[in-house]
Amino acid sequence: MVRLRDPDGIAQALADPSRRAILETLRLGRKSVTELCEVTGLKQPNLSNHLAKMRHQNVVRAERSGRFMYYSLEAPFAEVLLRMHAMATLGFGRKNEGNGTASGEQPSDLNHANAGDLAEQLLSGLLQGDEASCSDLLNYMLSLKFSMTKIYLEVFQPAMHSIGDLYEMGQVDEAHEHVASAIIERLMARVSEIYHPNIQGDNKAIMGCVAGNLHSLGIRMLADSLDAIGWRVTFVGANVPTTSFVELVAVEAPNLVVISIALPEQIAELQSLLADLRELRDKGQRFWTALGGNYNPGQSVPVRADEFIAQDLDEFMSKVSELTAAASGERTI
Ligand code: B12
């Protein structure tokens, strides 16, 4: 077990933007000095100075391999603190994120990376089924401190929508659509783990796709985003049988039920699910229901005052925060 020589070492490291950049890069795996210079944009003498101090404080460790010295994170709790820092930089709404962070911090030169270019690079990796290159791209975005919202809405979502366009033009077959979806799902699992908070509140959501709907990635983005702000989320995934969905809501008593629908053929199941959920409310259970997805249910399902429809992650999160603010002090959101 590694022991701290200087108990303030990690706090000092986290207070300094350059050291934070070094630590966040190391969180993704060991790096040589040259690699650290490239990713953080720091000059070598400055970088070596920070590394020497953090080494002395047992925050990072060095090991020689051949001609090169490699650095990695020393203490598991440095990881925990970095996660807390990542939480602080997490934000919703793209307007604050022009520099790659939602915190208003000074951007490093690399933070000017264009999300559109990254989405195209991701698309190329997805089409080739090259998970390693997609994963490297995610590492790169994380090293630039992209928020979860920026990664999801500006890089993952457009890449997946382009897959849809190519599919429609007959340039991508269904197998490749599945391969791309599976890769994105695994990348999202990594992002959500990084942004998962150490502390959770009382708000609880149950989220899943209506029976027949296999499109789980969009609603998974909503689930990860709620989780990142401290909600307790039960994610039920794709194609949830209506009866089990309703039973789960009855047992878990959430504040919010979130349902995704993708095709007009799924409207009948949605109506039956909504009818059962309304019955639970009539029996005294209190919760909101959110609807959305690739097919806008507003066209065929009139919603009640305790239900709402949203088009995307931004609109959904804004609506949730409005409801939370309006109902603060009450038990339900
Ligand atoms: C990947 C994909 C699949 C995958 C899904 C895998 C998975 N694990 O999710 C597979 C291969 C299974 C699939 C199957 C089919 N798909 Co498909 N698929 C797509 C594709 C290419 C990307 C979807 C995606 O993940 N996007 C990325 C996410 C992040 O974006 P999103 O889904 O738009 O989600 C955002 C919003 O919609 C919203 N949102 C989503 N859910 C919810 C829920 C709530 C409550 C709220 C508020 C908001 C919300 O917020 C999200 C984040 O901003 C789209 C193309 C497209 N333009 O979207 C087609 C698309 C959705 N599919 C389509 C079709 C037709 C099909 C199939 C019939 C045939 C086919 N293979 O393409 C089958 C039907 C399967 C079924 N029974 O559901 C159509 C649907 C058209 C329509 N609505 O009428 C689309 C739009 C393609 C197209 N242009 O024709 N598909």
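Cut-offs applied
- Residues numbered from 1 in each chain as written.
- Predicted model: local features only at pLDDT ≥ 70, side-chain atom pairs only at ≥ 80, totals over all residues.
- Heavy atoms only, no water.
- Helix = DSSP H or I, 4+ residues; strand = E, 2+ residues; numbered from the N terminus.
- Buried < 20%, exposed > 50% of the residue type's maximum accessible area, 1.4 Å probe, protein only.
- Pairing = 2+ DSSP bridges.
- Right-handed = clockwise from strand over helix to strand, strands pointing away.
- Donors = N, O, S within 2.8 Å, 3.2 Å for Na, K, Ca; no water.
- Core = buried A, V, L, I, M, F, W, Y, C linked by side-chain atoms within 4.5 Å.
- Domains from an automatic or database assignment.
- Contact = heavy atoms within 4.5 Å.
- Salt bridge = Lys/Arg side-chain N within 4 Å of Asp/Glu carboxyl O.
- Axes fitted to C-alpha atoms, helices over the stretch in contact; angles between N-to-C directions.
- Parallel < 35°, antiparallel > 145°, perpendicular 65-115°, else oblique.
- Nonpolar A, V, L, I, M, F, W, Y, C, P; charged D, E, K, R; others polar.

Peer 1: Help me out: how do you make sense of the environment of Lys 150 in this one?
Peer 2: As for its placement among the helices and strands, Lys 150 is situated in helix H8 (residues 148-168). When the C-alpha atoms of Lys 150 and Ala 115 are compared, they prove to be 8.0 Å apart, with 35 residues separating the residues in sequence.

Peer 1: Help me understand the pairing of strand E4 (residues 204-210), please; the structure alone is not making it clear to me.
Peer 2: Consecutive side chains along a regular strand alternate between the two faces of the sheet. Counting buried positions along E4 yields six of seven residues, so the element is predominantly enclosed. The sheet contact formed by E4 and strand E5 (residues 232-240) spans six bridges and is parallel. The partner of Ile 206 across the bridge, within E5, is Thr 234. Crossover handedness for the path E4 to helix H10 (residues 217-228) to E5: right-handed.

Peer 1: Sorry if this is basic, but what is going on with the coordination of the cobalt atom of the ligand here?
Peer 2: When only protein atoms are considered, the cobalt atom of the ligand has one donor, His 215 (NE2), at a distance of 2.3 Å. Following the sequence through the fold, His 215 ends up in the loop between E4 and H10.

Peer 1: Is there a simple way to think about unusual backbone geometry in this case?
Peer 2: The bulk of non-glycine residues show a negative phi, and the bulk of peptide bonds are trans. One non-glycine residue with positive phi stands out, namely Asn 239, at about 50°. Topologically, Asn 239 is positioned in strand E5. Classification of Asn 239 as partly exposed rests on a relative accessible area of 39%. The residue Ala 253 is not glycine, and still its phi comes out positive at about 45°. Relative to the helices and strands, Ala 253 is located in the loop between helix H11 (242-252) and strand E6 (256-260).

Peer 1: Looking at this model, I keep getting lost on the nonpolar core. Mind explaining?
Peer 2: In globular proteins that are soluble, nonpolar side chains generally tend to be buried together. Core analysis: the largest hydrophobic core is formed by 53 residues, its most contacted members being Leu 122, Leu 126, Phe 156, Leu 256 and Phe 316. Elements with a contribution of two residues or more to this core: helix H6 (115-127), helix H7 (131-143), H8, helix H9 (174-195), E4, H10, E6 and helix H13 (313-326). When we break this core down by domain, the ones giving at least three residues each are domain 2 (90-195) and domain 3 (204-326). Filtering out sequence-adjacent residues up to four positions away, Leu 122 remains in contact with Cys 134, Leu 137, Val 155, Phe 156, Ala 159, Ile 184 and Leu 187.

Peer 1: What exactly am I supposed to notice about the pattern of salt bridges here?
Peer 2: Pairing is possible between side chains of opposite charge, provided their charged atoms come close. As enumerated under the stated definition, the model contains ten salt bridges in all. With a closest N to O distance of 2.7 Å, Arg 278 and Glu 307 form a salt bridge. One end of the pair, Arg 278, is in helix H12 (residues 267-282); the other, Glu 307, is in strand E8 (residues 307-309), and 29 residues separate them in sequence. A relative accessible area of 4% means that Glu 307 is categorised as buried. As a salt-bridge pair, Arg 304 and Asp 306 come within 3.5 Å of each other at their nearest N and O atoms. Through salt bridges with shared partners, a single ionic network connects Arg 278, Arg 281, Arg 304, Asp 306 and Glu 307.

Peer 1: I tried to follow the packing of H9 against H10 on my own but got confused; where do I start?
Peer 2: Packed helices, taken two at a time, are described by their axes: the angle between them and the distance between them. Running from amino to carboxyl end, H9 crosses H10 at an angle of 5°, the nearest separation of the two axes being 10 Å. Classed by the angle they form, the pair H9 and H10 counts as roughly parallel. For the pair formed by H9 and H10, the contact residues are Ser 181, Ile 184, Glu 185, Met 188, Ser 192 and Tyr 195 on the first element and Leu 217, Arg 220, Met 221, Asp 224 and Ala 228 on the second. When grouped by side-chain class, the residues that make up the contact of H9 with H10 number six nonpolar, two polar and three charged.

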